[in-house]
Amino acid sequence: MSVLIVIPARYASTRYPGKPLVPLTGATGEKRSLVERSWRAACSVQGVDRVVVATDDDRIKQAAEAFGAEVVMTSETCANGTERCAEAHAALGGGYEIVVNLQGDAPLTPHWFVEDLVAGLRAAPGMGLATPVLRCNGETLNSLLADRKAGRVGGTTAVFAADHSALYFSKEVVPYCGHTYGDGENTPVFHHVGVYAYRPDALAAYPDWDTGPLEQLEGLEQLRFLENGRKVLCVEVEARGREFWELNNPEDVPRLEAMMKKMGHE
């Protein structure tokens, strides 16, 4: 099955304008932009036929082409990364059997997260969309709770049924658990990893659906699938000792840089 990875990159972010071009310092002291680090993460995934950056901004286009990325220009009307992926796939002529949306704010996404995601979707022919979830340890859960207590929107959490079909995604920490966990303890909370794998028919249908109240309230694009009665497969992935975090706020920059230094990311 042919696989396309699209990295949607928007300059005019409400919470963090210019986020794709924010420089991040790696373990060697070299600075690379967020979008370049996300592109490098995408290029490390095995079994992928093509990787493109999809943007509506010339500044991002020029920066991406300068580090060697293929760029697809999309319209300014794309409401989110899924709509941008749908437009990019159509602009490329379609034909890919799986389209992966590797959002440009997750440069620490390990290659096996995407590989396991694609494998999970292939094994579930009744699903049009799959997304990874990572069980939180106490340290990650406490970071999520600290963000919410400080009034920041940090990571997204997911709850799912016994067949791993999603029940809900939220920027709140769900499910509620009153227990305090140690840093290394497993918890019942799953961190949603902002990567999606779509079958082309589900991706093409998405922009024609109205934005529902839950998507509007949470600001989470994947809720449009649930609000339109489409199942979303949650594929549990393993950290294998790697730390994972997304760049959602300026305060996340030093956290990501510390993680890169610890893991030896250049």
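Residues numbered from 1 in each chain as written. Predicted model: local features only at pLDDT ≥ 70, side-chain atom pairs only at ≥ 80, totals over all residues. Heavy atoms only, no water.

Trainee: Describe the packing of aromatic side chains, listing the residues and the values that go with them.
Mentor: On inspection of all chains with the given rule, the structure shows 8 aromatic pairs. Between the aromatic rings of Trp112 and Phe113, the centroid separation amounts to 6.3 Å while the plane-to-plane angle is 80 degrees, which identifies the pairing as edge-to-face. Across this residue pair, the class does not change: Trp112 and Phe113 are buried. Each ring, one from Tyr196 and one from Tyr198, has its centre 6.1 Å from the other, and the planes form 25 degrees; the classification is stacked. Comparing Tyr196 with Tyr198, the two get one shared label, buried. Feature note: the residues Tyr196, Tyr198, Tyr206, Trp209 and Phe225 constitute an aromatic cluster, connected by ring pairs. In this arrangement the basic side chain of Arg59 is found over the ring face of Tyr11, its NZ or CZ atom lying 3.6 Å from the centre. (Phe/Tyr/Trp six-rings, centres within 6.5 Å; stacked < 30°, edge-to-face > 60°. Buried < 20%, exposed > 50% of the residue type's maximum accessible area, 1.4 Å probe, protein only. Lys NZ or Arg CZ within 6 Å of the ring centre and 35° of its normal.)

Trainee: Which residues make up the side chain of Thr187, and what are the values?
Mentor: For Thr187, the location among the structural elements is in strand β10 (residues 186–192). Judged by relative accessible area, Thr187 falls into the buried class, the value being 2%. A polar atom in the side chain of Thr187 sits 2.9 Å from the backbone oxygen of Cys136. At 3.2 Å, the side chain of Thr187 forms a polar contact with the backbone nitrogen of Val189. Not counting residues within four places of it along the chain, the set of residues in contact with Thr187 comprises Arg135, Cys136, Asn137, Gly138, Leu141 and Tyr181. (Helix = DSSP H or I, 4+ residues; strand = E, 2+ residues; numbered from the N terminus. Polar contact = N/O pair within 3.5 Å; in protein donor to acceptor, adjacent residues only side chain to side chain. Contact = heavy atoms within 4.5 Å.)

Keep in mind these values describe shape, not function.
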